[in-house]
Amino acid sequence: IMKRKWWKESVAYQIYPRSFMDTNGDGIGDLNGITSKLDYLKNLGVDVIWICPFYKSPNDDNGYDISDFYAVSEEFGTMEDFEHLLAEAHRKGIKVIADLVLNHTSDEHPWFVEARASKDSPKRDYYIWKKGKENNEPPSNWGSFFGGSAWEYDEQSEEYYLHIFNRKQPDLNWENPLLIEELHRMVRWWLDKGLDGFRIDAINHIVKMEGFPDAEAPAHEKIVSAHHFFSNLPKVHDHIQHLHREVFRPYNIMTVGEAANTGPEEALLYVEEHRDELNMVFHFEHMSMDSGNGNLGGWEKRPWKLSQLKEILNQWQTKLHGKGWNANYWSNHDQPRAVSRFGDDQAFRVESAKLLATLMFMLEGTPYIYQGEEIGMTNVKLNAIDDYRDSVTHRFYRDAQQEGWTEDRIMSAIHQSSRDNARTPMQWNDQAHGGFTTGTPWIQANPNASRINVEAAEKDPTSILNYYKQLISLRKQHLVAVYGKYEPVFPEHSSILAFTRTLGNEQLVVVMNFSAASAHMDNHEALADQSVRLLLSNIASDTNETSIENHLQPYEARIYLRE
Ligand code: TEU
Ligand code: CA
């Protein structure tokens, strides 16, 4: 058994503050809105909330472009509101972790303003500046994650600065020890306020390849994906260990790093316990199962394969077991809604949302619910590009237009993949805007809020929400659900995903049908008749099952206990 830790046994809930709950009618969710919903979260069984950035920001990227690390965005409230939220959460036994953005700041951060003003400014070197190539081209052919070159030309100094996200998000220069000291001081300041940890944004990108070499590409391709030149470079680990040693160590906190383009071996370098880096990382391997090819093509989803999901889970579950800890999630503020993407948001919305939850809660690792997932919120189809708020979606729209895509094709890709799918207001009740605001919301609510909302779910014993509560209490009653060793069953089955979790004499058997047709399981030793007890199922069953039923209905999920 691994060392017991509170963050391993916790259920986490991600809050996108702008869209969670508005208390002053300005159409923007706020910190007091979060405080007002703590009882709801407590009741659901949540132990930790992760709040996306609420710092001062010009909001080019909804808070991921920070202009003051020490200030609360006025739209979200005041520092007192934050302190009140933290105190109330703690009083109710809920821990709070915040987003920590260390890869870049806003271009409106005073550091960057100074850096840009003069080449001689001591802050100049807080960022990454370089001369262009001879022929007036950017220093390298690196593309930004969000489209276009990762270099932006600065007329005044005739140099370029690096931004691997939007151009209003200049990358910080982690080669500069003074900068690192400033960042450490800031992190410590928040921990001393009583935060319980961090989700660390884009942490695996903080170090860039020395010399900024061109990525290999055909000569006519001027801008190419070059993320291997700024992902998981060895020095990243020195910096994280330094941060741990200098800042994290004395605090009883949890840390989860965002690490795109990272496989399980690479992940162990971040999370293996003796390395003293991070507790967990979010990987993206299951997030790319359904993305099409290329920069723009990635927006057009293709069907995903259960076989691939199984392969990914098997790797992560087995490779980390006994060494490091997983972070399990189906969605976040950057991804489409899980039930629309991996389930069926029409005929089997309820069943498939419960099925996805079953898997997330029964894996080894800490589960992260994204706001609204617990009521089965779906993707949204806003009418026109002007209804969208996400700058990355707008960027895609322009780029796709330039490539000659038709309006229909562009909008269809946006409906499938826009980050705004996850950013529409939380649906609390059947009132206007899902009860999120009494004013005009900053982005339209999903029209299905009249049907899919918390109030309705609370009244219905068979709702997705009530199933989440059951899953969470099951996880809390059975240590095997947290620490048990994972073993796949039927690795080749085309529609059934099944596995066992074993801890001492206790074993969970989890069987799930990932299809809209019923499915049959052959006899298997893992399912053989010994005393089993059905703990939970997402489809009402009339019997008190004491043996494993070989037949599964569409999207059916069952959890058995064998003692
Ligand atoms: O996301 C980082 C990010 O966009 C990539 O790592 C991305 O996840 C990857 O390409 C897989 O698609 C974080 C935040 O979550 C996001 O909201 C911000 O826009 C971004 O950082 C910049 O701060
Ligand atoms: Ca507000």
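Residues numbered from 1 in each chain as written. Chains lettered and ligands numbered in written order. Predicted model: local features only at pLDDT ≥ 70, side-chain atom pairs only at ≥ 80, totals over all residues.

**Describing the overall build of the protein chain**
Put simply, the test is: Numbering goes from the N terminus for both helices and strands, where a helix is a DSSP run of H or I of at least four residues and a strand is a run of E of at least two. In this treatment the radius of gyration is a C-alpha quantity, and the globule benchmark scales as 2.2 Å times the residue count to the 0.38 power. Partly exposed residues are those falling between the two cut-offs: more than 12 but fewer than 20 other C-beta atoms within 10 Å of their own, whereas 20 or more means buried and 12 or fewer means exposed, with C-beta atoms placed from the backbone.
When you go through the protein chain residue by residue, the secondary structure sums to 15 helices and 20 strands. Compactness check: the protein chain gives a C-alpha radius of gyration of 24 Å against a globular reference of 24 Å for 563 residues, within 12% of the reference. By principal-axis analysis of the C-alpha atoms, the protein chain measures approximately 75 × 50 × 50 Å. Each of the 563 residues in the protein chain was classed as buried or not, and the buried ones make up 49%.

**Quick word on the domain arrangement of the protein chain**
Rules: Segmentation into domains, and thus their bounds, comes from an automatic or database assignment. We call two residues in contact when their backbone-placed C-beta atoms lie within 7 Å. Gly falls in the polar group here, along with every residue not listed as nonpolar (Ala, Val, Leu, Ile, Met, Phe, Trp, Tyr, Cys, Pro) or charged (Asp, Glu, Lys, Arg).
Taken domain by domain, the protein chain consists of domain 1 (10-101 + 332-380 + 424-477) and domain 2 (484-562). A separation of 30 Å is found between the C-alpha centroids of domain 1 and domain 2. Across the contact, 15 residues belong to domain 1 and 15 residues belong to domain 2. Within the residue set of the side of domain 1 that touches domain 2, elements represented by two or more residues are helix H10 (349-362) and helix H14 (464-477). Considering every element that reaches the side of domain 1 that touches domain 2, the biggest residue donor is H10, with 7 residues. Of the residues contributing to the side of domain 1 that touches domain 2, the split by class is 8 nonpolar, 3 polar and 4 charged.

**Concerning the sheet that holds strand S8 (residues 159-162)**
The criterion, for reference: Two strands are said to pair when DSSP picks up at least two bridges between them.
Strand order in this open sheet of 3 strands is S6-S8-S7, and the pairing throughout is antiparallel. Edge strands, defined here as strands with exactly one partner in the open sheet, are strand S6 (129-130) and strand S7 (151-154). Pairing of S7 with S8 involves 4 bridges; the strand directions are antiparallel. Bridge pairing in S8 places Asp-154 opposite Glu-159.

**Some remarks on the confidence of the model for the protein chain**
Here is the rule we go by: Predictor confidence is given residue by residue as pLDDT, running from a minimum of 0 to a maximum of 100.
For the protein chain, per-residue confidence averages 96 on the pLDDT scale, and residues scoring 70 or more make up 99% of the total. The complex prediction reports pTM at 0.98, with the ipTM value standing at 0.96.

**What to know about the UniProt feature "domain: Glycosyl hydrolase family 13 catalytic" (unreviewed entry) in the protein chain**
Put simply, the rule is: UniProt positions are given in the numbering used here, feature names are shortened, and annotations may be inferred rather than shown by experiment.
Taking the numbering used here, the UniProt-annotated feature "domain: Glycosyl hydrolase family 13 catalytic" (unreviewed entry) corresponds to residues 14-423. Within the segment residues 14-423, helix and strand shares are 32% and 12% respectively, and the terminal C-alpha atoms sit 12 Å apart.

**Quick look at the packing of H10 against H14**
What counts is decided by this rule: Fitted lines through C-alpha atoms serve as axes, helices being fitted only where they are in contact, and the angles separating the N-to-C directions of these axes extend from 0 to 180 degrees. An angle counts as roughly parallel when it lies under 35 degrees, as roughly antiparallel when it exceeds 145, as roughly perpendicular when it falls between 65 and 115, and as oblique in every other case. Handedness of a helix crossing follows the sense of rotation of the near helix relative to the far helix, less than a right angle counterclockwise being left-handed and clockwise being right-handed.
Orientation of H10 relative to H14, taken along the N-to-C sense of each, is 20 degrees, at an axis distance of 10 Å. It follows that H10 is roughly parallel to H14 by the angle criterion. The interaxial crossing formed by H10 with H14 has right-handed handedness. For the pair H10 and H14, contact is made by Val-350, Ala-353, Lys-354, Ala-357, Thr-358 and Phe-361 and by Ile-464, Tyr-467, Tyr-468, Leu-471 and Arg-475, respectively.

**Description of the nonpolar core**
To be explicit about the condition: Only buried Ala, Val, Leu, Ile, Met, Phe, Trp, Tyr and Cys residues enter a nonpolar core, and they are joined through C-beta atoms within 7 Å.
Grouped together as the largest cluster of nonpolar side chains are 140 residues, with contacts concentrated most on Ile-49, Val-281, Leu-356 and Met-512. With 9 residues, the top contributor of residues to this core is H10. Residue contributions to this core reach at least three from each of two domains, namely domain 1 (10-101 + 332-380 + 424-477) and domain 2 (484-562). Those residues in contact with Leu-356 that lie beyond four places of it in its chain are Trp-330, Ala-338, Val-339, Phe-342 and Gly-343. Judged by nonpolar contacts, the second largest core, of 11 residues, contains Tyr-388, Phe-396, Tyr-397 and Ile-414.

**Structural notes on helix H6 (residues 234-248)**
To be explicit about the condition: Expected helix span is computed as 1.5 Å times (number of residues minus one). The directions considered for the arc are those from the helix axis to the C-beta atoms.
Helix length check: H6 (15 residues) gives 20 Å between terminal C-alpha atoms against 21 Å at 1.5 Å per residue, within 8%. Buried residues of H6: Val-236, Ile-240, Leu-243 and Phe-248, and no others. The buried residues of H6 all sit within an arc of 60 degrees when viewed along its axis, so they share a single face. Counted as exposed and oriented over 90 degrees from the buried face of H6: Pro-234, Asp-238 and Arg-245.

**A few points about the sheet that holds strand S9 (residues 197-201)**
The strand order across the open sheet formed by 8 strands is S11-S10-S9-S5-S2-S1-S13-S12, and the pairing between neighbours is parallel. Each edge of the open sheet is held by one strand with a lone partner, namely strand S11 (280-282) and strand S12 (327-329). Strand-to-strand twist across the sheet, computed as the mean angle between neighbouring axes with direction ignored, equals 25 degrees. Alignment of S9 against strand S10 (residues 254-258), held across 4 bridges, turns out to be parallel. The partner of Phe-198 across the bridge, within S10, is Thr-255.

**Quick notes on the packing of helix H5 (residues 177-192) against H6**
Pairs of packed helices are described in terms of their axes, by the angle between the two and the distance that separates them. Interaxial distance between H5 and H6 falls to 10 Å at its minimum, and their mutual angle equals 50 degrees. Overall, the two elements H5 and H6 adopt an arrangement that is oblique. The element H5 and its partner H6 pack so that their crossing is right-handed. Residues His-184, Val-187 and Arg-188 of H5 form the contact with H6, whose participating residues are Leu-243, Glu-246 and Val-247. Of the residues belonging to the contact of H5 with H6, the class tally is 3 nonpolar, 1 polar and 2 charged.

**Brief notes about the environment of Ala-338**
Mapped onto the elements, Ala-338 comes out in helix H9 (residues 338-342). Given 27 C-beta atoms within 10 Å, Ala-338 falls into the buried group. Residues Ala-338 and Ala-540, spaced 202 residues apart in sequence, show a C-alpha to C-alpha distance of 23 Å. Among residues more than four places away in sequence, those in contact with Ala-338 are Trp-330, Ser-331, Gly-343, Leu-356 and Glu-373.

**Let's talk about unusual backbone geometry**
Not every positive phi belongs to a glycine, and Phe-490 is a case in point at roughly 50 degrees. Tracing the sequence through the fold places Phe-490 in the loop between strand S14 (485-489) and strand S15 (496-503).

**Topic: H5**
Along its 16 residues, H5 runs 22 Å from first to last C-alpha, staying within 8% of the 22 Å computed at 1.5 Å per residue. Just downstream of H5 lies Gly-194, where phi reads positive at about 110 degrees.

**Considerations on the pairing of S8**
Of the pairings in the sheet, the one linking S6 to S8 comprises 2 bridges and is antiparallel in character. Within S8, the position partnered with Lys-130 by the bridge is Tyr-160.

**Quick word on the environment of Val-281**
As for its position among the elements, Val-281 is in strand S11. Beyond its immediate chain neighbours, meaning those up to four positions away, Val-281 contacts Val-256, Gly-257, Ala-259, Thr-262, Ala-267, Tyr-270, Val-271 and Ala-327.

**Re the environment of Thr-502**
Relative to the elements of secondary structure, Thr-502 occurs in strand S15. Along the primary structure Thr-502 and Glu-487 are separated by 15 residues, whereas in three dimensions their C-alpha atoms are 8.2 Å apart. Residues in contact with Thr-502, not counting those within four places in the same chain, are Val-480, Gly-484, Lys-485, Glu-487 and Gln-507.

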